[in-house]
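Architecture at a glance
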Amino acid sequence: SQQGEEDPQALSIQEGENATMNCSYKTSINNLQWYRQNSGRGLVHLILIRSNEREKHSGRLRVTLDTSKKSSSLLITASRAADTASYFCATDAFQGAQKLVFGQGTRLTINP
Amino acid sequence: GAVVSQHPSWVICKSGTSVKIECRSLDFQATTMFWYRQFPKQSLMLMATSNEGSKATYEQGVEKDKFLINHASLTLSTLTVTSAHPEDSSFYICSARPPPGWTGELFFGEGSRLTVL
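About the criteria used
Residues numbered from 1 in each chain as written. Chains lettered and ligands numbered in written order. Predicted model: local features only at pLDDT ≥ 70, side-chain atom pairs only at ≥ 80, totals over all residues. Heavy atoms only, no water. Salt bridge = Lys/Arg side-chain N within 4 Å of Asp/Glu carboxyl O. Buried < 20%, exposed > 50% of the residue type's maximum accessible area, 1.4 Å probe, protein only. Helix = DSSP H or I, 4+ residues; strand = E, 2+ residues; numbered from the N terminus. Pairing = 2+ DSSP bridges. Axes fitted to C-alpha atoms, helices over the stretch in contact; angles between N-to-C directions. Contact = heavy atoms within 4.5 Å. Buried area = accessible area lost by both parts, 1.4 Å probe. Polar contact = N/O pair within 3.5 Å; in protein donor to acceptor, adjacent residues only side chain to side chain. Nonpolar A, V, L, I, M, F, W, Y, C, P; charged D, E, K, R; others polar.

What follows is about the pattern of salt bridges. Residues and elements named next belong to chain B. Within this structure, the stated rule accounts for six salt bridges over all chains. Across the pair R24 and E22 runs a salt bridge, and its minimum N-O distance is 3.4 Å. Relative accessible area serves as the criterion here: at 23%, E22 is assigned to the partly exposed category. Between K66 and D88 there is a salt bridge, with the nearest N and O atoms lying 2.7 Å from each other. One end of the pair, K66, is in the loop between strand 6 (57-58) and strand 7 (67-73); the other, D88, is in the loop between strand 8 (76-81) and strand 9 (90-97), with 22 residues separating them in the sequence. Given the relative accessible area of 12%, K66 is considered buried. Judged by relative accessible area, which is 5%, D88 ranks as buried.

Structure, rendered in structure tokens:
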């Protein structure tokens, strides 16, 4: 079963704008990860945030985690056309089977 | 980063035939690999966890006799879709988890698109 829900399901913005995607989950977690998927391709790991972390940065990416609300957000700053892809959050459940469960994803389109 | 190779990238087969998809970790040993299925514009659904040298663990609702998984070595897991039918058409993606010391991320193959006629 899917753990998380993401919103929006689809997001279309102009190049140069910032894109924010949100993810909610249901159970306690060890960590939360964000992945990117170009159409018809595999997934590429973007960033991992542990349950005891609140914010993490990687280049133009900023991830926040609020364990009290069981939610996370991914911010992509100064978006580029090449950022067009689907973005998924995935949770690694605490004391679980160490398997990742993916959210529904956000389809991001960056318009040149 | 670590590389996971998946083959074939696409396959078309007739209904009733079986199809094998391979997932290889090229530069690390993976004691655990995962198989996901993805329908168009949808998320990844975990099908099973493949453990080297032991039986795979299937998620609820996934038919183990339909989707045979073999993890015979530390670098290779295979998924065989047996007696495929059109409803089995989908995008299948494998991922591999590196050995202890792993930071938590998974490394994914490029996926295999199966079309059953």
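Before going further, it helps to spend a moment on the sheet that holds strand 7 of chain B. Residues and elements named next belong to chain B. Within the open sheet, the four strands sit side by side as 1-3-8-7. Their pairing is antiparallel. The open sheet has two edge strands, strand 1 (4-7) and strand 7, and neither has a second partner. Averaged over all adjacent pairs, the angle separating strand axes in this sheet is 15 degrees, with direction ignored. With five bridges joining them, strand 7 and strand 8 adopt antiparallel strand pairing. Counted as the bridge partner of L68 is T80 from strand 8.

At the junction of the two partners, chain B supplies 22 residues and chain A supplies 21 residues. Of the roughly 1700 Å² buried between chain B and chain A, counting both surfaces, carbon and sulfur atoms make up 49%. For the interface between chain B and chain A, the tally reads one salt bridge. One salt bridge connects R41(A) with E110(B), and the closest N-O pair in it is separated by 2.4 Å. At the junction of chain B with chain A, the criterion picks out six residue pairs in polar contact (both at pLDDT 80 or more). Elements with a contribution of two residues or more to the side of chain B that touches chain A: strand 4 (32-38), strand 5 (44-51) and strand 9 of chain B. When its residues are assigned to classes, the side of chain B that touches chain A shows 10 nonpolar, six polar and six charged.

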